[in-house]
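# Chains, contacts and geometry: an overview
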Amino acid sequence: MGAHARCSPSALHRVLNCTPSLILSEQFNDEESQYAAEGSAGHALAESLIKKHLNLNTTEPTSEYYTDELVAAVNEYVEYVIGEIQDAKEECDDPIFAVEEKVDISDYIDDCFGTADMVIITEKVVHVIDLKLGRGVEVSAENNEQLMTYGLGILSMAEMLYDIDTVRLTIFQPRINNYSTWDISVEKLKKWGKEVLKPRGAMALIGVGDFRAGNWCRFCKARNQCRARAEEFLKLAQMEFKGPALLADAEIAEVITKADLLSKWAADIYAYAQDQAIVHGKTWPGYKLVEGRSNRKYTSEAEVEGAAKQAGYTEIYKYSLKGITDMEKLMGKKEFARVLGRYVYKPQGKITLVPESDKRKSITKDTAKAEFTEGKNNE
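So, a few notes on the structure that sits alongside this text. (Residues numbered from 1 in each chain as written. Predicted model: local features only at pLDDT ≥ 70, side-chain atom pairs only at ≥ 80, totals over all residues. Heavy atoms only, no water.)

## Overview of the overall build of the chain
- The helix and strand tally for the chain stands at 12 helices and 5 strands.
- The C-alpha extent of the chain, read off along each of the three principal axes, is 80 × 55 × 55 Å.
- Buried residues in the chain amount to 32% of all 379 residues.
- Long-range pairs, those at least 24 residues apart, make up 66% of the contacts in the chain with a sequence separation of at least 6.
- Taken together, the 48 basic and 60 acidic charged side chains of the chain have centroids lying 6 Å from each other. (Helix = DSSP H or I, 4+ residues; strand = E, 2+ residues; numbered from the N terminus. Buried < 20%, exposed > 50% of the residue type's maximum accessible area, 1.4 Å probe, protein only. Contact = heavy atoms within 4.5 Å. Lys, Arg positive; Asp, Glu negative; His and termini not counted. Charge placed at Lys NZ, Arg CZ, Asp CG, Glu CD.)

Here you go:
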């Protein structure tokens, strides 16, 4: 296997839904964002801490990205993994633990391999755990193509040792308090691998199939110049310019389903156009580069403090109480609950229309109407 898989498991949500995007995206250079670099640093720390718990050889990594907040998120994940390790030891006489395990999926897709963050194998269960350090989109383990693919790769090894009947997939996303786990039978997983992963993966490798726009476009390297994506959103934008009362129910449902994706697409296009103009000198019809507005800044806060005090001014600082999250980090969760728990409350959230797949409990029409009316009256 080479250093990089041509078809990475992390890209399969896009590739399986838009098979020609694999070859299309290959003409663009790889560019690691600071978020990806921070994520890599966090995974390296998690790997080291788990290996230390398992008494495996490891070197504690260092990184400029290690903030108290990132380390706390990694520690939360490590605590969860250690708990799963302990449970596995109680359930199985000889469990297998693998940290940052290289997984080969070439039995299903040529040149497809990746790294599973944590793998726990007992007599009946293969458990694949994936750490997500992103703060943005909530990721679900259910029907997650990346984890299902890892499960298939691990199965090819695990079934030589145990009679596995279940593959458990877990997403741990500590920064947005998202924990998702899903079980699938070995039979169903292999069926998916044979009927979906293998044929659609083969299509992707030769660039056949239809371009399809969707939420999987977000991390596609061709997203800013993809005509299929542009046509999809331009068609939706034209529909949005009608008055809401003139749209059919199905049209309104389509708009609110894709509105967030539409705004992200427009932002992507603007960012791409601006980068091309600033970095590469490209000119766009009807647009020009200008210097944006800026705010005044002190050249040196220490010198400003000295000069102000020398002139007789002492009330030069503003003080404010730490927010709840920062205060909880300062004290720790248990101490925060003991000292300040009685002074904290959570107001009712604003009534919002969301997809049925949202995990929050649905509220009644009467409750929603009352809350909406009250909100309008208070404006």
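## Let's talk about unusual backbone geometry
- A positive phi angle, near 60°, is found at N55, a position not held by glycine.
- Structurally, the position occupied by N55 is in the loop between α3 (34-53) and α4 (68-91).
- When its relative accessible area of 71% is taken as the criterion, N55 is described as exposed.
- The phi angle at E100 is positive, at roughly 50°, despite the residue not being glycine.
- Structurally, E100 can be placed in strand β1 (residues 96-104).

## A look at the pattern of salt bridges
- Following the criterion strictly, the structure yields 12 salt bridges and no others.
- One salt bridge in this structure joins R6 and E26, with 2.7 Å as the shortest N-O distance. One end of the pair, R6, is in the segment before α1 (12-17); the other, E26, is in the loop between α2 (21-25) and α3, with 20 residues separating them in the sequence.
- Between D163 and K124 there is a salt bridge, with its nearest N and O atoms 3.6 Å apart. Of this pair, D163 sits in the loop between α5 (145-158) and β4 (166-173) while K124 sits in the loop between β2 (113-121) and β3 (125-131), placing them 39 residues apart in sequence.
- For D163, a relative accessible area of 55% translates into the label exposed. (Salt bridge = Lys/Arg side-chain N within 4 Å of Asp/Glu carboxyl O.)

## Details of the pairing of β3
- Most of β3 is tucked away, with 7 of its 7 residues classed as buried.
- Alternating residues of β3 divide into V125, H127, I129 and L131 and V126, V128 and D130, and every residue in both groups is buried.
- Note: β2 against β3, 4 bridges, orientation antiparallel. The partner of V119 across the bridge, within β3, is V128. (Pairing = 2+ DSSP bridges.)

## Notes on the packing of α3 against α4
- Relative orientation of the contacting elements α3 and α4 amounts to 40°, with a least axis distance of 9 Å. Here α4 runs oblique to α3, going by the angle between their axes. As for how α3 packs across α4, the hand of that crossing is right-handed. Here E38, G42, L45, A46, L49, I50 and H53 of α3 lie close against α4, whose contacting residues are L70, V71, V74, N75, Y77, V78, V81, I82, I85 and Q86.
- Residues belonging to the contact of α3 with α4 are distributed by class as follows: 12 nonpolar, 4 polar and 1 charged. (Axes fitted to C-alpha atoms, helices over the stretch in contact; angles between N-to-C directions. Parallel < 35°, antiparallel > 145°, perpendicular 65-115°, else oblique. Left-handed = near helix turned anticlockwise from the far one by under 90°. Nonpolar A, V, L, I, M, F, W, Y, C, P; charged D, E, K, R; others polar.)

## Quick notes on the layout of surface pockets
- Taken as a whole, the second largest pocket spans an internal volume of roughly 690 Å³.
- Together, 16 residues line the second largest pocket, and A72, E76, E328, K329 and K333 are the ones closest to its centre.
- Elements that contribute at least two residues to the lining of the second largest pocket include exactly α4 and α10 (324-331).
- No other element matches α4, which puts 7 residues into the lining of the second largest pocket.
- Residues that form the lining of the second largest pocket fall into these classes: 3 nonpolar, 4 polar and 9 charged. (1 Å grid on protein atoms, 1.4 Å probe; cavity = no way out; pocket = protein on both sides within 12 Å on 5 of 7 lines; lining within 4 Å. Points joined across faces, edges and corners; volume = space filled by probe spheres on them.)

## A few points about the pairing of β4
- A large share of β4 lies buried, amounting to 7 of its 8 residues.
- The pairing of β3 with β4 spans 7 bridges and is classified as parallel. By the bridge assignment, V126 is partnered in β4 with V167.
- With α5 bridging β3 and the parallel β4, this β-α-β connection has right-handed handedness.
- In the sheet, β4 pairs with strand β5 (residues 178-185) via 8 bridges, with the strands oriented antiparallel. By the bridge assignment for β5, Q173 is matched with N178. (Right-handed = clockwise from strand over helix to strand, strands pointing away.)

## As for the packing of α5 against helix α6 (residues 186-206)
- Interhelical geometry of α5 versus α6 gives an angle of 110° and a closest axis separation of 10 Å. The orientation of α5 relative to α6 falls into the category roughly perpendicular. Crossing hand, α5 versus α6: left-handed. Residues E145, M148, T149, G151, L152 and L155 of α5 touch α6, and the partners they reach there are V186, L189, K190, W192, G193 and L197.
- Of the residues in the contact of α5 with α6, the class split is 7 nonpolar, 3 polar and 2 charged.

## A word on empty space enclosed by the protein
- If you walk through the whole model with that rule in mind, you get 2 cavities of 30 Å³ or more.
- Its boundaries defined by the atoms lining it, the largest cavity holds a volume of some 80 Å³.
- Along its surface, the largest cavity is lined by 13 residues, and C18, R212, C217, C220 and C226 are the ones closest to its centre.
- Of the residues that constitute the lining of the largest cavity, the class distribution is 8 nonpolar, 1 polar and 4 charged.
- Empty space within the second largest cavity amounts to approximately 30 Å³.
- Around the second largest cavity, the lining residues are H43, A46, E47, I50, Y77, V99, E100 and D117.
- Looking at the lining of the second largest cavity, the elements with two or more residues in it are α3 and β1.
- No other element matches the 4 residues that α3 contributes to the lining of the second largest cavity.

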